[in-house]
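Observations on chain architecture
Single-letter residue listing:
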Amino acid sequence: MDDQTRRRAMSEWRPMRLADRYRLAERIFALKLVDEHGASLSEIAPGDHVEVRVPGGTRAYSLCNAPGERDHYLLGIHHSSLHGGAHYLCDTCDVGDTLQVRGPGNFFSLSPQHRRIVLVAGGIGITPIISMAQHLASQGLDFEMHYCARSYAAAAFVDRIDASAYRDRVRYHFDDDPAHQKLDLDALFGGLSADQHVYLCGPNAMLAEALTLRERYALSHRLHYERFGASPSDSTGAAVDTGFEVCTARSGRRIEVPAGCSIVTALNRAGVEVPLSCEQGVCGMCLTRVLDGIPDHRDDVLSDAERAANDVILPCVSRARSAVLTLDL
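So, here is what we can say about the structure in this document. (Residues numbered from 1 in each chain as written. Predicted model: local features only at pLDDT ≥ 70, side-chain atom pairs only at ≥ 80, totals over all residues. Heavy atoms only, no water.)

**Structural notes on the pairing of strand S14 (residues 288-292)**
For the record, the criterion: Criterion used throughout: strands pair if DSSP finds at least two bridges between them. Under the scheme used here, helices are H or I runs from DSSP no shorter than 4 residues and strands are E runs no shorter than 2 residues, and both carry numbers assigned from the N terminus.
Where S14 lies against strand S16 (residues 312-313), 2 bridges are found, and the strand directions are antiparallel. Residue pairing for S16: threonine 288 is matched across the bridge by isoleucine 313. In this structure, S14 lies alongside strand S18 (residues 324-327), joined through 2 bridges in antiparallel fashion. Bridge pairing links valine 290 to leucine 327 in S18.

Here it is as structure tokens:
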């Protein structure tokens, strides 16, 4: 899929039918979505996700398809509460219902320039990692994979992995099984060769350790990651919120963002739509170009260099240091 087609896919909602739903593991369900009219779907790249409209907003879910599948999108969803998007999709919707979906898009792409790769998945972080593993295996590339979970019963896709041609490249790490030793990220990162890249997706504790080790082993350009859930630290620090204005450059509107109100909330109230998913500054879905003004970055997505450039912002959590912030909206 070319860049223009991909951008169009991420901006346009389409009706899709929930064709099947089944249990993958403890609290993890697979959802199979098909085009409502039976059309072939967009080509999927490793790390791709789609957005799904749910009551109160949208949620992004990684695509777990095998390479070349075009007749459906396969989602893996962790269902741990009686509310929210997962509850709606796993409990409220019926097979046969129509959902509004857009995508695929990608904030966790697998670079074709990386020829030797280590994949690390923690819990539901397996959802983007398994598509990467299958892609790498199909291309005959050098990789290994580590999959961590609370238990075998809580690990999704183990049957699929065990039946795969790349099973000998996968090592399981289950907390309740002494036969599967806990993953030692320090030893793993310390043993990397200079041409190996790590792609990691998992919970906050795993990512926090990985980021600490990244500095120790100078892996700033070789650790690529996606997290699930907000950072355990308060990204706002001791900052005191004050009001400011956002100017939407395409319409010339000036919208007040009062203290205690996020940019996206103020924009939505004014009828300006911004793509949303996590609303916690961790997924990158709402990334918006800054044309003028100085952002107050409070996300967990941008690199230090991107923050210093001040030309993009995650408006779901970030604010402004200047009185006016002009956005490409």
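Next comes the rest of the account.
**Re the environment of serine 62**
Under the convention used in this document: Burial classes: relative accessible area under 20% of the type maximum marks a residue as buried, over 50% as exposed, and values in between as partly exposed (1.4 Å probe, protein chains only).
Residue position: serine 62 is located in strand S4 (residues 57-62). Assessed through its relative accessible area of 7%, serine 62 is described here as buried. With 155 residues separating them in the primary sequence, serine 62 and tyrosine 217 have C-alpha atoms 29 Å apart.

**Quick look at helix H3 (residues 126-138)**
We count it as follows: In this analysis, the expected span of each helix is defined as 1.5 Å times one less than the number of residues it contains.
Compared with the 18 Å implied by 1.5 Å per residue over 13 residues, the 18 Å span of H3 between its first and last C-alpha is a close match. Counting buried positions along H3 gives 10 out of 13 residues, so the element sits mostly inside the fold. If you check which residues of H3 are buried, you get Ile126, Thr127, Pro128, Ile129, Ile130, Ser131, Met132, Ala133, Gln134 and Leu136. Phi turns positive, to about 70°, at glycine 140, one or two residues after H3.

**Here's the deal with the pattern of salt bridges**
Test applied: What counts as a salt bridge is simple: a side-chain nitrogen of Lys or Arg found within 4 Å of a carboxyl oxygen of Asp or Glu.
For the structure shown, the criterion picks out 14 salt bridges. In this structure, the salt-bridge partner of arginine 102 is glutamate 51, at a minimum N-O distance of 2.7 Å. Of this pair, arginine 102 sits in strand S6 (residues 98-105) while glutamate 51 sits in strand S3 (residues 49-54), and the two are 51 residues apart along the sequence. With its nearest N and O atoms 3.2 Å apart, the salt bridge here joins aspartate 296 to arginine 321. In this pair, aspartate 296 is assigned in strand S15 (residues 295-296) and arginine 321 in the loop between strand S17 (319-320) and S18, connecting sequence segments 25 residues apart.

**Considering helix H6 (residues 204-216)**
Worth spelling out the cut-off: The contact rule is simple, with two residues in contact once any of their heavy atoms fall within 4.5 Å.
Look at H6: 19 Å from first C-alpha to last across 13 residues, which is about the 18 Å you get at 1.5 Å a residue. The complete set of buried residues in H6 reads Asn204, Met206, Leu207, Ala210, Leu213 and Arg214. Residues of H6 that are buried make contact with strand S7 (116-122), strand S8 (142-149), helix H5 (185-190), strand S10 (196-202) and strand S11 (223-227). Phi turns positive one or two residues past the end of H6, at alanine 218, with a value near 55°.

**As for the side chain of serine 164**
Put simply, the rule is: Pairs of N or O atoms within 3.5 Å make up the polar contacts considered here, provided that, within protein, one atom can donate a hydrogen while the other can accept it, and that residues adjacent in sequence are counted only when both atoms are side-chain atoms.
By the element assignment, serine 164 lies in the loop between helix H4 (158-162) and strand S9 (170-174). Classification of serine 164 by relative accessible area gives buried; the value is 18%. Reaching out from serine 164, the side chain makes a polar contact with the backbone nitrogen of arginine 167 at a distance of 3.3 Å.

**Describing the nonpolar core**
Among soluble globular proteins, nonpolar side chains are generally buried collectively. To keep things clear, this is the line we draw: Among buried residues, the Ala, Val, Leu, Ile, Met, Phe, Trp, Tyr and Cys ones that are joined through side-chain atoms within 4.5 Å form a nonpolar core.
In terms of nonpolar packing, the biggest core is built from 33 residues, with Leu119, Ile126, Ile129, Phe143, Met145, Tyr147 and Ile161 touching the most fellow members. When residues of this core are traced back to their parent elements, those giving at least two are strand S2 (28-35), S7, H3, S8, H4, S9 and S10. Sort the elements by how many residues they give to this core and H3 lands first, with 6 residues. Not counting residues within four places of it along the chain, the set of residues in contact with isoleucine 161 comprises Ile126, Ile130, Met145, Tyr147, Tyr166, Arg167, Val170 and Tyr172.

**Details of the packing of aromatic side chains**
Geometrically, a pair of aromatic rings is defined through the distance of the ring centres and the angle of the planes. Put simply, the rule is: The rule is short: rings of Phe, Tyr and Trp, with Trp giving its six-membered ring, pair when the centres are within 6.5 Å, and they are stacked under 30 degrees, edge-to-face over 60, tilted in between. The rule for a charge over a ring is simple: NZ of Lys or CZ of Arg within 6 Å of the ring centre, and within 35 degrees of the ring normal.
Inspection of every chain in the model, using the stated rule, returns 5 aromatic pairs. Ring pairing ties together the aromatic residues Tyr147, Tyr152, Tyr172 and Phe174, which thus form one cluster. Residue placement shows arginine 53 over the ring face of tryptophan 13; its charged tip is 4.2 Å from the ring centre.

**Digging into the sheet that holds S3**
Strand pairing within a sheet occurs via backbone hydrogen bonds; the two strands may be parallel or antiparallel. Going by this rule: Between N-to-C directions, angles cover 0 to 180 degrees, with each direction set by a line fitted to C-alpha atoms, over the stretch in contact for helices.
With antiparallel pairing, 6 strands are arranged side by side in an open sheet as S4-S3-S6-S1-S2-S5. For this open sheet the edge positions go to S4 and strand S5 (73-78), each flanked by a neighbour on one side alone. The sheet shows a mean angle of 40° between the axes of neighbouring strands, taken without regard to direction. Bridge analysis of S3 against S4 gives 6 bridges, and the strand direction is antiparallel. Across the sheet, valine 50 pairs through a bridge with tyrosine 61, a residue of S4.

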